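Chain and residue survey
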Amino acid sequence: MSTPTLAVLVPLLPFLGALAGLLLGRTAPGFVKPLAVLPTLAAAVLAVLVAFRQGGGKAIDTATELTPTGSVPIELSLHLDGFAVMVAVLVGLVATCVQIYSTAYLREDPRYPSYAALVSLFTSAMLLVVYSGDLMVLLVGWEIMGICSYFLVGHYWETEAARSASLKAFLVTKLGDVPFLIGLFALATDAGSFRITKILGTVAAGGLDHPTLIALLLLAGVAGKSAQFPLHTWLPDAMAGPTPVSALIHAATMVAAGVYFVARLLPVFAASRAALVVLAVMAAVTMVGSALAALAQDDIKRVLAYSTIGQLGYMTGALAVGDRAAAVFHLLSHGAFKALLFLGAGVIIHAAGTNSLSAMSRMDGLAKRIPDAFWTMTIALLALAAFPPFAGFFSKEAVLVAAEHTAGGHSELAPSAAGWVVLVAGVLTALLTAAYATRLWLMAFRGRGAAAPDHGKEPVAMTGVLWLLAVPSVGFGLLAGPLSDFFDGRELTPSLTTSVLGTGAAAVGAVLTYALWQRAQAQLLAQPQTAPAGATAEVPTAAVPATAAVPAAVAAAESAAESPEVAEVTQDHPVVSTAPAADPGRALLGPLHRHAAVGFHLDAVYDRLFIRPVRAAAALVRFLDREVVDSYVRGAGLGPRLLGGLVRRAQTGNVQSYLSALLAGAVVLAIATAVLANVNAGS
């Protein structure tokens, strides 16, 4: 079987699995899990085979015209280069892990059949984006992912949090998709084709008439899909969906699609140096802002959500300095350890009955209850903090090396200003990333208080997946040398300067956070053991006795307000302390903490700048429609209605009345005729 044929099967198999799952979900529930896991697993195996055959050599292109348009043709085409085949392997691996994990995590969910089918469709759409060689076909996968995310984020649609989060994700990404679509048409018009190879050929020949405009329009869609400033606000709220969905979205599908799109069309963006500077600034603001916000979050999933935004900022920063090899390398590395982080967080939530780090910090021995999650989460957090020799170190260093190279004026694509912006922001973000990773680890696994609940060993379908993902989280970075063949032959090895800067900053962040946590613990122990009247668990900063206790179900119920899945995975729990939590994030951020906790009020800003004016305009239009336009319509119908009422009164059904009226009318006409005749004769 030829390589293009195998590549066609890769997105086709999950699609067929999704279709079969939707059709048989209710009539044959026994087939749901096999239809969820096996097609995705087969697609992952085929993706590995395609990558092996492609081998990082010359790109494989094949195309057939999909439909005649009379102008710019639309073709069903494949473009299999090193970037495409490696990203497809990541998508297949993570999607398979998510499907296997979900069989245990959502085993009692009545909507699991539709959930599994949507995950398969989501996977198929991302694989279509990865392999497609035509922008219009790519757009199909791009939009299918958008609608799948709407349904999956809103899986717990009975809750307000899930409904609003799914709607917000859909609307914000669509806000970016409008200029994105315009940019695609403008690009195809200039190039005369939607084929990626022809577009890149046009760019190389200097055939783009409006490179800056096209690049900025496309960046709007990328910012929405990949959750970059200023369209990133939907991603933290999307944590209202099931945790496995978060792993899929954050690690291998939706948010990765925007980065991959820019990497594939990087020459288009590099044709405008202004667009690269905009991309660099966007990446820098995203990196630093999201890292600060992550330090202030109490929900473990929201910490990881802001972490994803920041790591995507690293990827877009690498693209801004013209190095797509470093960007995709970090995308692959991040996909492995971020999937592990989210799936590990799901195990923690399942065991603790809450997604609140403050509540976990008041539980003792949680790490011993879930040793698999503890060790694998530790590995993933070390990779996230970019400590050697974990995967995140090598991929983050590749980004910093690229930024340093551009800052020194050695890049032919990007201006040195973009390099300096990305380099400074990258080093600062390395410090902050290590800080919030250390904070999460300390608060989740080094809590003090009542004994953590013990529900026995977690299902193998959950823990086995964690150890599988731990392997690339540890060793993927060591493949930087062999992988260079897949990434345009670019070297991905760290340099001494960036290694010292990045690792040194990470070490400072981790040590500082640990020291502040120790101080916070000491301050809690030194607090007076008297509680003010009315102190409750809902006020974690209140001075209450360390021995005071309430059912852990209270903490779970509070968590359910933001993460509806807690209600499904919560079990019977013992009591937990209501003492204040030792949170080093408060000391690190100081007065900035309350602003970072709400995402620096961006939602409030958008509410005042956009939502309220739109609602006011809608109210005005509704008033004009009802009170002005409808008044004219009602007035136009009033005259005929009154006349009809008068005529209706004459319709009595009495024949004598009709004859009398006819006779009276005839007499009136005769008199009128006589009068008119006399008047005319006299004149």
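Everything here concerns the structure above.
Residues numbered from 1 in each chain as written. Predicted model: local features only at pLDDT ≥ 70, side-chain atom pairs only at ≥ 80, totals over all residues. Heavy atoms only, no water.

With that out of the way, let us pick up the overall build of the chain. Scanning the chain from N- to C-terminus turns up 29 helices and six strands. Taken over the C-alpha atoms alone, the chain extends approximately 120 × 75 × 55 Å along its principal axes. Counting only residues that meet the buried cut, the chain has 55% of its 683 residues in that class. Of all intrachain contacts in the chain linking residues separated by at least 6 positions in sequence, the fraction that spans at least 24 positions is 81%. Carbon and sulfur atoms provide 69% of the accessible area of the chain, an area that totals close to 27800 Å². (Helix = DSSP H or I, 4+ residues; strand = E, 2+ residues; numbered from the N terminus. Buried < 20%, exposed > 50% of the residue type's maximum accessible area, 1.4 Å probe, protein only. Contact = heavy atoms within 4.5 Å. Areas by Shrake-Rupley, 256 points an atom, 1.4 Å probe, with all protein chains shown as cover.)

Attention shifts here to a nonpolar patch on the surface. On the surface, V8, L12, F15, L16, L19, L23, L24 and F31 cluster together into a nonpolar patch covering about 710 Å² of accessible area. Position of L19 among the secondary structure elements: in helix α1 (residues 3-24). (Patch = residues over 30% accessible without salt bridge, like charges linked within 9 Å, V, L, I, M, F, W, Y side chains within 5 Å. Salt bridge = Lys/Arg side-chain N within 4 Å of Asp/Glu carboxyl O.)

Taken as a whole, this structure holds 16 aromatic pairs when the rule is applied. Seen in terms of ring centroids, F329 and F476 are 5.6 Å apart; in terms of plane orientation they differ by 40 degrees. Their pairing is tilted. A residue pair is termed long-range when its members are at least 10 positions apart, and F329 in helix α15 (residues 324-352) and F476 in the loop between α21 (460-475) and α22 (480-483) qualify at 147 residues. Judged by relative accessible area, which is 0%, F329 ranks as buried. Members of the aromatic cluster, each reached through a chain of ring pairs, are F374, W375, W441 and F445. (Phe/Tyr/Trp six-rings, centres within 6.5 Å; stacked < 30°, edge-to-face > 60°.)

With that settled, the discussion passes to the pattern of salt bridges. The full count for this structure, using the stated rule, is 15 salt bridges. The salt bridge partner of E143 is K174, with a shortest N-O separation of 2.4 Å. Separated by 31 residues along the polypeptide, E143 in helix α5 (residues 135-153) and K174 in helix α6 (residues 160-191) bring together distant segments of the chain. Given a relative accessible area of 18%, K174 falls into the buried group. Where K168 meets D603, a salt bridge forms, and the shortest distance between an N and an O atom there is 2.9 Å. Here K168 is found in helix α6, whereas its partner D603 is found in helix α28 (residues 602-650), with 435 residues between them in sequence. On the accessibility criterion, K168 (18% relative accessible area) is buried.

With 11 of 11 residues buried, helix α11 (residues 254-264) lies mostly within the body of the structure. Every buried residue belonging to α11 is among M254, V255, A256, A257, G258, V259, Y260, F261, V262, A263 and R264, and all of these are buried.

For the rest of this paragraph, the subject is the environment of A240. Mapping A240 onto the fold places it in the loop between α9 (234-237) and α10 (243-251). Along the backbone, A240 and L152 are 88 residues apart, and their C-alpha atoms lie at a distance of 9.6 Å.

A volume near 630 Å³ is recorded for the second largest pocket. Lining the second largest pocket we find 16 residues, and of these K168, L171, V172, Y606 and I611 sit closest to its centre. If one sorts the elements of the lining of the second largest pocket by residue count, α28 sits on top with seven residues. Of the residues in the lining of the second largest pocket, the class split is 10 nonpolar, two polar and four charged. (1 Å grid on protein atoms, 1.4 Å probe; cavity = no way out; pocket = protein on both sides within 12 Å on 5 of 7 lines; lining within 4 Å. Points joined across faces, edges and corners; volume = space filled by probe spheres on them. Nonpolar A, V, L, I, M, F, W, Y, C, P; charged D, E, K, R; others polar.)

The next point concerns the packing of helix α18 (residues 371-384) against helix α20 (residues 416-445). Helix packing geometry: the angle between the two helix axes and the distance between the axes. Their axes nearest at 9 Å, the elements α18 and α20 cross at an angle of 165 degrees. The angle between α18 and α20 falls in the class roughly antiparallel. Here the hand of the crossing between α18 and α20 comes out left-handed. Residues A373, F374, M377, T378, L381 and L384 of α18 lie in contact with α20, whose contacting residues are T433, Y436, A437, L440, W441 and F445. Taken together, the residues of the contact of α18 with α20 break down into 10 nonpolar, two polar and no charged. (Axes fitted to C-alpha atoms, helices over the stretch in contact; angles between N-to-C directions. Parallel < 35°, antiparallel > 145°, perpendicular 65-115°, else oblique. Left-handed = near helix turned anticlockwise from the far one by under 90°.)

Membership of the largest hydrophobic core comes to 204 residues, with the highest contact counts inside it found for Y131, W234, F261, F269 and F487. The leading source of residues in this core is α15, at 19 residues. If sequence neighbours within four positions are ignored, W234 has contacts with K168, A169, V172, T173, G224, K225, A227, I249, M254 and V255. (Core = buried A, V, L, I, M, F, W, Y, C linked by side-chain atoms within 4.5 Å.)

In this section: the pairing of strand β1 (residues 60-67). As paired elements, β1 and strand β2 (residues 74-80) share seven bridges and run antiparallel to each other. If you follow T64 over to β2, its bridge partner there is L76. Count of turn residues in the β1/β2 antiparallel hairpin: six residues, of which G70 carries a positive phi of about 85 degrees. (Pairing = 2+ DSSP bridges.)

Quick look at the side chain of S226 now. Counting through the fold element by element, S226 comes out in the loop between α8 (211-225) and α9. With near-sequence residues (within four places) excluded, S226 lies in contact with V255, A257, G258, V259 and L312.

We now examine unusual backbone geometry. A cis amide bond links F229 with the next residue in sequence, P230, at an omega value of 10 degrees. Considering the arrangement of structural elements, one finds P230 in the loop between α8 and α9. Looking along the chain, the bond that leaves P388 and enters P389 is cis, with omega of 5 degrees. Structurally, the position occupied by P389 is in the loop between α18 and α19 (391-407). The backbone phi angle of H601 is positive, close to 60 degrees, even though this residue is not glycine. Along the polypeptide, H601 turns up in the loop between α27 (593-597) and α28. Given a relative accessible area of 34%, H601 falls into the partly exposed group.

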